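# What the coordinates show
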Amino acid sequence: MATLVDSLVAENKEVLAALEKILGYRFTNLRLLQQALIHSSYAFENGQPEWNNETLEFIGDAVLDLVIGHVLFRTYSEMREGDMTKLRAALVNETHLAEMARAIDLGSYLHLGKGEESSCGRNKSSILSCAYEAVMGAVFEDGGYTCVCELIESFFVPAIEEKKEKLLVGDAKSRLQETLQRRFNEAPVYNLDDEQGPSHKKVFTASVVFRGEVLGTGTAGSKKEAEQIAAATALLDLDKS
């Protein structure tokens, strides 16, 4: 008796080939890719609940953590362990994985139950992120670590620098305070230097001062963000000294 996966592979070879082309990876066992696209709701409605993508999602989650962690370790060996952990979390969380899934239109390849289909399941971040993990798990099962590593790097490396900058700017004030407390046992002071524009669209300029010296300035749409940018600028100079 053919399984749900076997039947779908026979029906969807052209569709699966199109997804393989987008991924840049050719499966030896096409059943793995097909299973990665089966949501539990569809498997349940078709009487074979065991043929969903949840086990491949479990594997893919672990693989993504390992590969992204390895890439960060190689690329940013000077980064603190805590910052590296935060950056990896930002890259493999549900929101970002769903963005990656939407970028390759993964939702259009999924098999969903009627309830999920009618409630716009193809665009739900929870479903998309899990499916993306399942596809990565399928690649790992099919081709091993080297293949999945190359694939993940090709998709994620362009996003790493952007996420790194956002993360470090967002955490800059606490990092600057830690640095100055560690070196000098003193904390910096933030000044609001300028405030312009109408009430609904103000622009703030802030500076961070330490021992009477301006270490950095920042301009943004909120006072808090301007202070973070000022702190990030100060950190860049301190890292060089």
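So, here is what we can say about the structure in this document. Note that the coordinates shown come from a computational prediction; the quantities given were computed from them, not determined experimentally. (Residues numbered from 1 in each chain as written. Predicted model: local features only at pLDDT ≥ 70, side-chain atom pairs only at ≥ 80, totals over all residues. Heavy atoms only, no water.)

Turning to the sheet that holds strand β3 (residues 213-220), a few remarks are in order. The sheet built from three strands is open, its strands ordered β1-β2-β3 with antiparallel pairing. On the outer flanks of this sheet lie β1 (189-196) and β3, each paired with one strand and no other. Strand-to-strand twist across the sheet, computed as the mean angle between neighbouring axes with direction ignored, equals 20 degrees. In this structure, strand β2 (residues 203-210) lies alongside β3, joined through seven bridges in antiparallel fashion. Bridged to F210 within β3 is E213. Of the strands in this sheet, β1, β2 and β3 touch helix α11 (residues 172-184), which is tilted by about 15 degrees from β2. (Pairing = 2+ DSSP bridges. Helix = DSSP H or I, 4+ residues; strand = E, 2+ residues; numbered from the N terminus. Axes fitted to C-alpha atoms, helices over the stretch in contact; angles between N-to-C directions. Contact = heavy atoms within 4.5 Å.)

We now examine the environment of S154. Examined against the element boundaries, S154 turns out to sit in helix α10 (residues 145-170). Classification of S154 as partly exposed rests on a relative accessible area of 48%. Each C-alpha atom, one on S154 and one on G24, is 9.4 Å from the other, the two residues being 130 residues apart in sequence. Of note is the side chain of S154, whose polar atom sits 2.6 Å from the backbone oxygen of L151. (Buried < 20%, exposed > 50% of the residue type's maximum accessible area, 1.4 Å probe, protein only. Polar contact = N/O pair within 3.5 Å; in protein donor to acceptor, adjacent residues only side chain to side chain.)

Running from amino to carboxyl end, helix α6 (residues 81-92) crosses helix α7 (residues 94-103) at an angle of 45 degrees, the nearest separation of the two axes being 5 Å. Taken together, the axes of α6 and α7 lie oblique to each other. On the side of α6, the interface is formed by A90, L91 and V92, while α7 contributes E94, H96 and L97. Looking at the contact of α6 with α7, its residues break down into four nonpolar, one polar and one charged. (Parallel < 35°, antiparallel > 145°, perpendicular 65-115°, else oblique. Nonpolar A, V, L, I, M, F, W, Y, C, P; charged D, E, K, R; others polar.)

This part takes up helix α5 (residues 54-75). Along an α-helix, residues three or four positions apart point the same way, because every turn accommodates 3.6 residues. End to end, α5 covers 31 Å across 22 residues, agreeing with the expected 32 Å (1.5 Å per residue, within 8%). Residues of α5 that are buried include every one of L56, E57, G60, V63, L64, V67, I68, G69, V71 and L72, and no others. (Expected span 1.5 Å × (residues − 1).)

Turning our eyes to something else, we now look at the pattern of salt bridges. All told, the structure shown has eight salt bridges when counted by the stated rule. Two residues, R211 and E186, come together in a salt bridge whose shortest N-O distance is 2.9 Å. On the criterion of sequence distance, the pair formed by R211 in the loop between β2 and β3 and E186 in the loop between α11 and β1 is long-range, its members being 25 residues apart. Note on E186: relative accessible area 33%, which makes it partly exposed. K202 is paired through a salt bridge with E195; the nearest N and O atoms lie 3.5 Å apart. Here K202 falls in the partly exposed class, since its relative accessible area comes to 27%. (Salt bridge = Lys/Arg side-chain N within 4 Å of Asp/Glu carboxyl O.)

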